[in-house]
Amino acid sequence: MSSDPSICVVGGGVAGLTLGIELRRQGVQVELLEAGSYPRHRVCGEFISGAGTGILRQLGIYQQMLDAGGIEAETMRLYGQRHRSPVLPMPEAALCISRYRMDRIMADAYLSLGGVLRQGSRVTGKDALAREGMVMATGKRMGPHQNATHLGFKVHAQGLELAADLELHFAPGAYVGLCRIENGLVNVCGLVSERLAPRDLRYTWRSFIGSLLHPSCREAFDAAIMDTTSLCFSAGLHYGLKPVLNDQSLYIGDRSLSIPPLSGNGMSIGMETSMMASRQLIAFARGTRPWKDALGRIQKDYYRRFRSRLVWAGGLQSLMLPMRHNLLREWTVACAKWHYRFLYRVTR
Ligand SMILES: Cc1cc2nc3c(=O)[nH]c(=O)nc-3n(C[C@H](O)[C@H](O)[C@H](O)COP(=O)(O)OP(=O)(O)OC[C@H]3O[C@@H](n4cnc5c(N)ncnc54)[C@H](O)[C@@H]3O)c2cc1C
């Protein structure tokens, strides 16, 4: 770490990179420390919706995502184990692109604006994290957690025909999202209750994921070619309604609050928290606002802006992911054309 950059961002996922780009656009000195390197695969539905697409436009990188093969999703379809909805028009434009491509484009945009990026830099130790101007964008806290409930998985498939740009399949205790991304690939990503996930999932993932899909789609899934280099898992996931706050460092993105992934709104929230934080951070960096004051204002805004979205998404996850067969889930899928626009709107 350099001795005194104005702002130091720890973690270069969607949230950290958004903040880095925006601060550089405003002429603020930024250093970004990322434990890994680019490009790389991550567990993510790779479906960007809500305010997120507007923020990518504002940052001037939306077109680059399309040029890199990103797909604007126009249709969606929901599946239960027995029922399925008709193909439905997307309530609003959404962008589907792999995190492999997306994070790389964002990192390049940040570098081209003069941002300092240190890859392979894992920040540890409380002292390092306690200084003013430090922003934690380190993603969800993983590992043992008393409320850990879910496991995430993702793999890219080649030659998999979908009925819509986005398909969501619901099964007891699990969901799988499939969306078209660049190069004719389909991202297959989902969440399963840890109690239902097989212990040997690393070896049996293909048949397990297939078993979660609607029966009419299993044959196509079995026939598709899987890109095993993109296969990844993340265990120990848990979702709460309250933002995680800290009175010394600023938290953004999943480090602060994470919405259940079936809402498809996590990346957008990551970008939104970054844009909210940037306004106060610019004032701090220019010396017009003390750190504590900037921190307090941002954290208060989190409650106001995201509470309703988190409540709706939490309710939706409870409705769609109970562990037993459930008529309500099947009914929600079968009647989707009546309510999907409403559910889409309230989770964004
Ligand atoms: C199964 C599943 C499906 C999802 N589907 C979608 C979807 O379709 N649409 C959507 O919008 N969202 C989706 N999400 C949520 C989305 O992936 C997250 O909300 C988003 O990635 C959060 O971004 P972030 O930048 O906060 O964290 P991350 O993307 O996790 O980035 C954190 C970064 O910090 C780095 N880091 C961690 N610790 C340190 C350290 N000590 N020092 C330095 N660097 C560190 C990591 O290497 C990483 O690069 C999904 C999530 C899951 C689990």
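Quick caveat: nothing in here was measured; it's all calculated off a predicted structure. (Residues numbered from 1 in each chain as written. Predicted model: local features only at pLDDT ≥ 70, side-chain atom pairs only at ≥ 80, totals over all residues. Heavy atoms only, no water.)

## Considerations on the overall build of the protein chain
- A tally of helices and strands in the protein chain yields eleven helices and 13 strands.
- Projecting the C-alpha coordinates of the protein chain onto the three principal axes gives extents of approximately 60 × 40 × 35 Å.
- With an accessible surface of roughly 15200 Å², the protein chain has 50% of that area assigned to carbon and sulfur atoms.
- When the 42 basic and 28 acidic side-chain charges of the protein chain are each reduced to a single mean position, those positions are 6 Å apart. (Helix = DSSP H or I, 4+ residues; strand = E, 2+ residues; numbered from the N terminus. Areas by Shrake-Rupley, 256 points an atom, 1.4 Å probe, with all protein chains shown as cover. Lys, Arg positive; Asp, Glu negative; His and termini not counted. Charge placed at Lys NZ, Arg CZ, Asp CG, Glu CD.)

## A look at the state of the cysteines
- This structure, assessed with the given rule, holds zero disulfides.
- Of the cysteine sulfurs around Cys217, a residue in no disulfide, the closest is that of Cys179, at 15 Å. (Disulfide = S-S within 2.5 Å.)

## Section: the site of the ligand
- Close contacts around the ligand come from 35 residues, with Glu34, Arg40, Arg42, Phe47 and Met267 the closest.
- Note that a nitrogen atom of the ligand is positioned 2.7 Å from one of the backbone N or O atoms of Phe47.
- With respect to the ligand, the backbone of Gly266 contributes an N or O atom lying 3.2 Å from an oxygen atom.
- Where the shell around the ligand is concerned, the elements lending two or more residues are α1 (14–25), β2 (30–34), β11 (185–193) and α8 (266–285).
- For the shell around the ligand, the residue count by class is 16 nonpolar, twelve polar and seven charged. (Near = heavy atom within 4 Å. Polar contact = N/O pair within 3.5 Å; in protein donor to acceptor, adjacent residues only side chain to side chain. Nonpolar A, V, L, I, M, F, W, Y, C, P; charged D, E, K, R; others polar.)

## Examining the sheet that holds strand β1 (residues 7–10)
- Read from one edge to the other, the open sheet built from five strands follows the order β6-β2-β1-β7-β13, with strand pairing classed as parallel. What marks the edges here is a single partner per strand, and that holds for β6 (116–119) and β13 (250–251).
- Note: β1 against β2, four bridges, orientation parallel. By the bridge assignment for β2, Val10 is matched with Leu33.
- Sitting on the sheet, α1 touches β1, β2 and β7 (134–136), and the angle it makes with β2 is about 165 degrees. (Pairing = 2+ DSSP bridges. Contact = heavy atoms within 4.5 Å. Axes fitted to C-alpha atoms, helices over the stretch in contact; angles between N-to-C directions.)

## Overview of the environment of Arg309
- Considering the arrangement of structural elements, one finds Arg309 in helix α9 (residues 291–320).
- Assessed through its relative accessible area of 9%, Arg309 is described here as buried.
- Residues Arg309 and Gln119, 190 residues apart in the sequence, show an inter-C-alpha distance of 33 Å.
- Other than its neighbours up to four places away in sequence, Arg309 contacts Ile259, Asn265, Ile269, Glu272, Val346, Thr347 and Arg348. (Buried < 20%, exposed > 50% of the residue type's maximum accessible area, 1.4 Å probe, protein only.)

## Some points on the sheet that holds strand β4 (residues 71–79)
- The eight strands are arranged β3-β5-β4-β9-β10-β11-β8-β12 in an open sheet whose pairing can be described as mixed. What marks the edges here is a single partner per strand, and that holds for β3 (47–48) and β12 (225–237).

## So, the environment of Phe342
- Tracing the backbone shows Phe342 in helix α11 (residues 336–346).
- Placed 17 residues apart in sequence, Phe342 and His325 show a C-alpha to C-alpha distance of 24 Å.

## Overview of the pattern of salt bridges
- On inspection of all chains with the given rule, the structure shows 14 salt bridges.
- If you follow the salt bridges from partner to partner, you end up with Arg42, Arg99 and Asp103 in one network. (Salt bridge = Lys/Arg side-chain N within 4 Å of Asp/Glu carboxyl O.)

## What about the packing of α9 against α11?
- In the contact formed by α9 and α11, the axes pass within 8 Å of each other and the chain directions differ by 130 degrees. One element, α9, and the other, α11, form an angle in the oblique class. Facing α9, whose interface residues are Ser308, Arg309, Trp312 and Leu316, α11 presents Phe342, Leu343 and Val346.
- For the contact of α9 with α11, the residue count by class is five nonpolar, one polar and one charged. (Parallel < 35°, antiparallel > 145°, perpendicular 65-115°, else oblique.)

## A word on the nonpolar core
- Counting 52 residues, the largest nonpolar core has Leu56, Met65, Met102, Leu250, Ile252 and Leu281 as the members making the most contacts within it.
- Only β1, α1, β2, α2 (51–58), α3 (62–67), α4 (99–112), α8 and α9 provide two or more residues apiece to this core.
- Element by element, the count of residues in this core is highest for α8, at nine residues.
- The contacts of Leu250, once residues within four sequence positions are left out, are Met134, Val135, Met136, Ala277, Leu281, Trp291, Leu295, Ile298 and Tyr302.
- Within the second largest apolar cluster, 26 residues are counted, among which are Met76, Cys96, Leu168 and Leu262. (Core = buried A, V, L, I, M, F, W, Y, C linked by side-chain atoms within 4.5 Å.)

## Quick word on the packing of aromatic side chains
- Enumeration according to the criterion identifies four aromatic pairs in this entry.
- Summarising the aromatic geometry, the rings of Trp312 and Phe342 are spaced 5.2 Å apart at their centres and angled 85 degrees between planes, so their arrangement reads as edge-to-face. In this pair, Trp312 sits in helix α9 while Phe342 sits in helix α11, placing the two residues 30 residues apart along the sequence.
- A relative accessible area of 37% places Phe342 in the partly exposed class. (Phe/Tyr/Trp six-rings, centres within 6.5 Å; stacked < 30°, edge-to-face > 60°.)

All we've got here are geometric facts, nothing functional implied.
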